[in-house]
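Close look at the chain arrangement
If you want the building blocks of each chain, they are given just below.
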Amino acid sequence: MGFSIKRGLRQDCPLSPLLFNVVGEAISGMLKKATVIRLCGNVGVGFGNTDISHIQFADNLLIFSVANDQSLKNFNRVLKIFELAAGLKLNISKSKIFGINVDNSRIRNWANSINYGWAFLPSTYLGLPLGHKKNLKSLWKQVLEKNIVNPIASQDGNMNADFSCIMGNGVKINFWNDNWSEMNSLKTSFPIIFGLALKMSGNIFEFGIWVTDVWVWKIELRRGLFEWEKALWLNFMEVLNKVVSTVPTINKLNWAGSVDGCYSPKSFFHRASSIGKLEDPIWRDVWCKFVPPKASGFVWKIVHQRLSVISELVKQGVPVSDHSFCSFCHCFPESINHILVQCEAVWHIRQRWCSLWHICMVFPSNVKDLLQGSVDGTVMVAWEWRWQRDGGSNQFNSRGIGCPRY
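Since the model is a prediction, treat every value here as computed from it, not as a measurement.

How each quantity is defined
- Residues numbered from 1 in each chain as written.
- Predicted model: local features only at pLDDT ≥ 70, side-chain atom pairs only at ≥ 80, totals over all residues.
- Heavy atoms only, no water.
- Helix = DSSP H or I, 4+ residues; strand = E, 2+ residues; numbered from the N terminus.
- Buried < 20%, exposed > 50% of the residue type's maximum accessible area, 1.4 Å probe, protein only.
- Contact = heavy atoms within 4.5 Å.
- Areas by Shrake-Rupley, 256 points an atom, 1.4 Å probe, with all protein chains shown as cover.
- Phe/Tyr/Trp six-rings, centres within 6.5 Å; stacked < 30°, edge-to-face > 60°.
- Expected span 1.5 Å × (residues − 1).
- Arc of directions from axis to C-beta.
- Axes fitted to C-alpha atoms, helices over the stretch in contact; angles between N-to-C directions.
- Left-handed = near helix turned anticlockwise from the far one by under 90°.
- Nonpolar A, V, L, I, M, F, W, Y, C, P; charged D, E, K, R; others polar.
- pLDDT = per-residue confidence, 0-100.
- Salt bridge = Lys/Arg side-chain N within 4 Å of Asp/Glu carboxyl O.
- Patch = residues over 30% accessible without salt bridge, like charges linked within 9 Å, V, L, I, M, F, W, Y side chains within 5 Å.
- Core = buried A, V, L, I, M, F, W, Y, C linked by side-chain atoms within 4.5 Å.

Scanning the chain from N- to C-terminus turns up 15 helices and 12 strands. Here the chain holds 406 residues, and the buried ones make up 30% of them. Contacts in the chain between residues far apart in sequence, at least 24 positions, make up 49% of those at least 6 positions apart. On the chain, roughly 27,600 Å² of surface is accessible, and the fraction owed to carbon and sulfur atoms is 57%.

Turning our attention to the packing of aromatic side chains. Summed over the entire model, instances satisfying the criterion amount to 12 aromatic pairs. Note on W233 and F236: the rings are 5.6 Å apart at their centroids and 40° apart in plane angle, and the pair reads as tilted. A residue pair is termed a helical-turn pair when its members lie 3 or 4 positions apart in one helix, as W233 and F236 do in helix α7 (residues 227-242) at 3 residues. For W233, a relative accessible area of 18% puts it in the buried group. With a relative accessible area of 0%, F236 lands in the buried category. One aromatic cluster is present, built from ring pairs that chain together F175, W176, W180, F190, F194, F207, W210, W215, W217, W233 and F236.

Since the α-helix packs 3.6 residues into each turn, any two residues three or four apart lie on the same face. Along its 16 residues, α7 runs 24 Å from first to last C-alpha, staying within 8% of the 22 Å computed at 1.5 Å per residue. All of the buried residues along α7 are E229, W233, F236, M237, V239 and L240. What you see down the axis of α7 is that its buried residues fit within an arc of 155°, all on one side. In α7, the exposed positions that point more than 90 degrees away from the buried face belong to E227, W228, A231, L234 and K242. Check the buried side of α7 and you find it contacts α5 (186-189), α6 (191-196) and β11 (214-217).

Turning our eyes to something else, we now look at the environment of A34. Mapped onto the secondary structure, A34 falls in helix α1 (residues 15-36). In the structure, A34 is positioned 41 residues away from F75 in sequence and 7.9 Å away in space, judged by C-alpha atoms. Not counting residues up to four positions away in its chain, the partners in contact with A34 are L39, C40 and V78.

Relative to each other, α1 and helix α2 (residues 69-86) sit at 145°, their axes nearing to 10 Å. Considering the relative orientation of α1 and α2, their crossing is right-handed. Of α2, the residues touching α1 (which contributes V23, A26, I27, M30, L31, A34 and T35) are F75, V78, L79, I81, F82 and A86. Looking at the contact of α1 with α2 residue by residue, the class counts come to 12 nonpolar, 1 polar and no charged.

All right, on to the confidence of the model for the chain then. Across the chain, pLDDT averages 76, with 75% of residues at or above 70. Element-level mean pLDDT values for the chain span from 47 in helix α15 (residues 376-389) up to 90 in α6. Confidence drops under a pLDDT of 50 for residues 151-157, and excluding neighbours within four residues, the segment shows 12 contacts in the predicted structure. This stretch, residues 374-406, has a pLDDT under 50; its non-local contacts, to residues over four places away or in other chains, come to 66 contacts.

Next up on the list: the pattern of salt bridges. Inspection of the entire model under this criterion finds 3 salt bridges. Across the pair E229 and R223 runs a salt bridge whose closest N-O atoms are separated by 3.0 Å. Classification of E229 as buried rests on a relative accessible area of 2%.

Attention now goes to a nonpolar patch on the surface. A contiguous nonpolar patch, built from L15, L18 and L19 and spanning about 280 Å² of accessible area, is present on the exposed surface. Note on placement: L19 falls in helix α1. Taking relative accessible area as the criterion, L19 reaches 42% and is therefore assigned partly exposed.

Within the fold, E334 resides in the loop between α11 (310-315) and α12 (336-342). E334 has contacts with V309, I310, S311, S324, F325, C326, S327 and I339, leaving out every residue within four places of it along the chain.

Tracing the backbone through its elements, the reader meets S28 in helix α1. In this structure S28 comes out as buried when scored by relative accessible area, which is 5%. Apart from the residues within four sequence positions on either side, S28 is in contact with H54 and Q56.

Let us look at unusual backbone geometry. Here the bond from L121 into P122 is cis, since omega is 0°, no more than 30 degrees from zero. As for its position among the elements, P122 is in the loop between β6 (117-120) and β7 (123-125). Unlike most non-glycine residues, R38 shows phi in positive territory, near 70°. Mapped onto the fold, R38 is located in the loop between α1 and β1 (43-45). Unlike most non-glycine residues, N101 shows phi in positive territory, near 60°.

Turning next to the nonpolar core. F175, W176, W180, L186, W217, F236 and L240 are the most contacted members of the largest nonpolar core, which totals 21 residues. Those elements that provide at least two residues to this core are α6, β11 and α7. Ranked by residue count, the leading element in this core is α7, at 5 residues. Every residue in contact with W180, bar those within four places of it in the chain, is listed here: C165, M167, I173, N174, F175, L186, I204, W217, L240 and V243. I27, L72, L79 and I107 belong to the second largest nonpolar core, which has 16 residues in total.

Next comes the structure, spelled out in structure tokens:
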């Protein structure tokens with residue numbers, strides 16, 4: 001039975017990137033050879049004046065050439081030869097020439113001579129800035145808005161809510177607009193008080209004075225307070241007095257994403273990765289100082305179904321014996337929930353354990369519910385598995401199923 005051989009690969013074929021790298025290495029070798037024999041001129045970069053002629057990323061190619069028309073034409077000839085040899089066609093509509101410290105009129109003439117487009121720096125390449133100054137404010141503003149501000153703001157509403165100011169001398173903190181109290185801002189939290197205030201702008205130090213090392217608020221109102229406004233005013237003053245500084249020190253900025261209030265890339269990563277995710281309360285009971293580390297690690301394996309019981313070994317393709325039933329009751333398949341909670345032999349052991357420690361509880365049908373019910377469940381399950389792992393057959397006495405000797 002014959003079949004025809006054709007060029008091309010199916011989409012998402014695992015051989016595709018490997019074969020493309022082989023072809024990409026060919027064009028890379030041709031460009032390097034052209035610069036070695038001086039057909040094309042490369043560019044020296046860095047303090048060591050390292051020669052560089054091109055950069056490749058997948059099917060994108062960035063070529064660096066000296067500023068003369070002959071070098072550009074020779075680079076173009078190399079690309080044309082590669083087209084004929086490999087069968088890959090250059091996308092002229094997406095190809096452009098950029099000049100670095102070269103007059104735009106010269107760039108335009110060179111581009112027209114080889115039928116390429118042209119543009120000027122700064123620009124973008126593969127979504128990344130190209131030709132910008134590294135400390136340019138407008139450059140990093142786009143990066144922050146795209147990768148940090150917008151993703152967090154879309155979840156929490158406002159990234160500024162993660163930062164709060166801590167009052168020191170109050171010189172650089174805006175009284176009404178900055179987030180320096182337990183509220184987001186006093187202007188939005190107390191609009192009525194803000195409307196009555198005689199001074200609607202200014203920093204904290206303009207709304208009070210230090211009297212014998214004690215801060216005293218001096219907030220003037222346009223009129224006296226009505227009876228129903230007095231409770232609101234007391235609430236407003238209570239909020240202010242909670243965050244007032246005890247000494248006129250330097251103001252600080254607090255980051256809500258870490259315990260110590262200091263911002264770090266690691267704390268930001270943990271905060272960003274936890275957005276929209278609810279923490280399972282079971283881990284607060286498992287990962288605590290009262291539970292031995294071995295028991296905590298064991299419970300983690302239980303919850304994530306990582307114990308080497310027969311049912312899990314079969315899923316992983318591990319050859320096991322034909323007997324897949326529980327080695328204690330010989331009635332049900334051996335699974336994590338069965339061997340630790342549902343098995344009749346385990347149930348008798350648990351009853352003896354609760355009787356010994358005077359614990360009264362209703363046992364659920366799975367391990368996770370048992371652990372969420374009590375921290376004691378963590379120790380009990382780990383103790384129970386130790387008995388089963390060491391072989392429960394030696395732990396039975398003449399009266400039937402009994403407690404392990406240890």
